[in-house]
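Results of the structural survey
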Amino acid sequence: MSVALTGAAAAGIRQAAAQAQPNIALIKYWGKRDVALNLPVVGSLSITLDSLWTRTSVQFDAALSQDEFLLDGRRDDAQLRRVAKCLDLLRARAGTHVRARVESSNNFPTGAGLASSASGFAALIVAGNAALDLDLSLAEQSIFARRCSGSAARSIFGGYVEWTRGKRDDGSDSLANPMLDASAWPLHVVVAITSKREKAIGSTEGMNRTADTSPYQRAWIDGQETDLVIARAAIQAHDFEKLADISEHSCLKMHALALAAQPGLLYWNAATMDCMHRVRALRASGVPVFFTIDAGPQVKAVCEPQAAAAVAAALREVPGVLDVVETGLGPAARLIELDELAVA
Ligand code: PMV
């Protein structure tokens, strides 16, 4: 299964490459019941995107004395520890200690609330699984990806995806499952980029601070199952208005919870707020669109495909919006050829 070059194989190198897309949660994940295993306090539901991607190659090479990680052509020692931890999971399953060189590229800004860790770690697991001939099932790939970065569990699959909270302490029942193909209800997402800086407070730190200090943590956990039931029904029925209402509710509730932490977590800037108002005004005027926002300042406007051009034009006019990216819903993570790695 591994995509090994003849010369590389002869030199003892086992390598493969994969592509994965970010996913955007409509019913949010926020809070960990086990930090080491990335087990969530709540289930969540997401959509996988199409035209934003991470492409990653992994080369297990006996000649290496340590793991190496390059992001967009540059060594990234800050992220190396996380990448190495993820490689350790694959190595433990394969029963090998061979170090690896990982090269990754994103066609969108990293670490700014566009779910680059979700696509990044999903791609790493898919490529690593192939390079080491592990034959992991999709369920196992989702669990491995979850352990590297929670929301990466969902980027193993395309379209509409649900990540089950699970009950077991070892996390063996906390994985994502595909709910509905992208083609069955091909919504679009218009991302308004309002900052290209890396966010100051990562999601793990934010979640832990929230769990420790936010007075709304219990209410958040208690309300999630109801939100999931409503969202599942809306997706099955292709009921846009119902999905809009419950998704905005989940997003605002997650941010309310985080805002009430001490010190409060404020992921939005002025343009983020203006975009939210603009989306609400569009919806009030009959345009099928709603917003969702993760642990960063970007606004993701989810809309019916025929509304995407108008939504993009409206968000582009909002002061402080630097860029607008439009995408459909995308497929599952998958293997690619090594020569597809270059940024298109
Ligand atoms: O997977 P993480 O640790 O990057 O956390 C993701 C958290 C949110 O994006 C805010 C919500 C979600 O469900 O993706």
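Parameters at a glance
- Residues numbered from 1 in each chain as written.
- Predicted model: local features only at pLDDT ≥ 70, side-chain atom pairs only at ≥ 80, totals over all residues.
- Heavy atoms only, no water.
- Pairing = 2+ DSSP bridges.
- Helix = DSSP H or I, 4+ residues; strand = E, 2+ residues; numbered from the N terminus.
- Axes fitted to C-alpha atoms, helices over the stretch in contact; angles between N-to-C directions.
- Contact = heavy atoms within 4.5 Å.
- Left-handed = near helix turned anticlockwise from the far one by under 90°.
- Nonpolar A, V, L, I, M, F, W, Y, C, P; charged D, E, K, R; others polar.
- Disulfide = S-S within 2.5 Å.
- Buried < 20%, exposed > 50% of the residue type's maximum accessible area, 1.4 Å probe, protein only.
- Near = heavy atom within 4 Å.
- Polar contact = N/O pair within 3.5 Å; in protein donor to acceptor, adjacent residues only side chain to side chain.
- Areas by Shrake-Rupley, 256 points an atom, 1.4 Å probe, with all protein chains shown as cover.
- Expected span 1.5 Å × (residues − 1).
- Arc of directions from axis to C-beta.

**Focus on the sheet that holds strand β14 (residues 299-303)**
- Reading across from one edge, β13-β14-β12-β15 is the order of the four strands in this open sheet, with antiparallel pairing throughout. With one partner strand each, in any of the chains shown, β13 (289-292) and β15 (323-327) form the two edges of the open sheet. Across this sheet, the average inter-strand angle for adjacent strands is 20°, counted without regard to direction.
- Bridge analysis of strand β12 (residues 188-193) against β14 gives five bridges, and the strand direction is antiparallel. The partner of Ala192 across the bridge, within β14, is Val299.
- Of the strands in this sheet, β12, β13, β14 and β15 touch helix α10 (residues 308-316), which is tilted by about 10° from β12.

**Looking at the packing of helix α2 (residues 77-94) against helix α3 (residues 116-131)**
- Following both chains from N to C, one finds α2 and α3 inclined at 35°, their axes separated by 10 Å at the closest point. Crossing geometry of α2 relative to α3 is assigned as right-handed. Listed contacts from α3 to Arg82, Val83, Cys86, Leu87 and Leu90 of α2 are Ser117, Phe121, Leu124, Ile125, Gly128 and Asn129.
- Class assignment of the residues belonging to the contact of α2 with α3 gives a composition of seven nonpolar, three polar and one charged.

**Details of the state of the cysteines**
- Summed over all chains, the structure comprises one disulfide.
- Linked covalently through their sulfurs, Cys86 and Cys148 form a disulfide whose S-S length is 2.2 Å. Between Cys86 and Cys148 the sulfur-sulfur dihedral comes to about 80°; the bridge is accordingly right-handed. Here Cys86, found in helix α2, pairs with Cys148, found in helix α4 (residues 138-148); they are 62 residues apart in sequence, far enough to count as distant. Both residues of the pair, Cys86 and Cys148, belong to the buried class.
- For Cys251, which is in no disulfide, the shortest distance to another cysteine sulfur is to Cys275 and amounts to 12 Å.
- With a relative accessible area of 0%, Cys251 lands in the buried category.
- On the basis of relative accessibility, which here comes to 0%, the residue Cys275 falls in the buried class.

**With respect to the site of the ligand**
- Every one of the 14 residues lining the ligand counts as a neighbour, but Ala25, Tyr29, Ser151, Arg154 and Ser203 are closest to it.
- One nitrogen or oxygen atom from the main chain of Tyr29 is found 2.9 Å from an oxygen atom belonging to the ligand.
- Look at the ligand: alone it shows 380 Å² of surface, and the protein chains cover 92% of it.
- Along the lines of polarity and charge, the residues of the shell around the ligand split into six nonpolar, five polar and three charged.

**Let's talk about the side chain of Lys300**
- For Lys300, the position within the fold is in strand β14.
- A polar atom in the side chain of Lys300 sits 3.1 Å from the side chain of Asp294.

**Remarks on helix α8 (residues 240-259)**
- If you check α8, its first and last C-alpha atoms are 28 Å apart, about what 20 residues at 1.5 Å a residue would give, namely 28 Å.
- The secondary structure elements touched by the buried residues of α8 are β2 (23-27), α6 (203-213), α7 (217-237), α9 (270-284), β13 and β14.
- Measuring from the side-chain oxygen of the N-cap residue of α8 to the backbone nitrogen of Glu241 gives 3.4 Å; that N-cap residue is Asp239.

**Side note on α6**
- For α6, every residue scored as buried is listed here: Gly206, Met207, Arg209 and Thr210. Here the buried residues of α6 occupy an arc of 165° about the axis, which is enough to place them on one side.
- Buried residues belonging to α6 abut β3 (32-34), α7 and α8.

**With respect to the pairing of β13**
- The alternating pattern of β13 places Val289 and Phe291 and Phe290 and Thr292 on opposite faces, both of which are buried.
- Bridge count between β13 and β14: four bridges; the pairing is antiparallel. From the neighbouring strand, Phe291 faces β14, where its bridge partner is Ala301.
- Two successive antiparallel strands, β13 and β14, enclose a turn made up of six residues.

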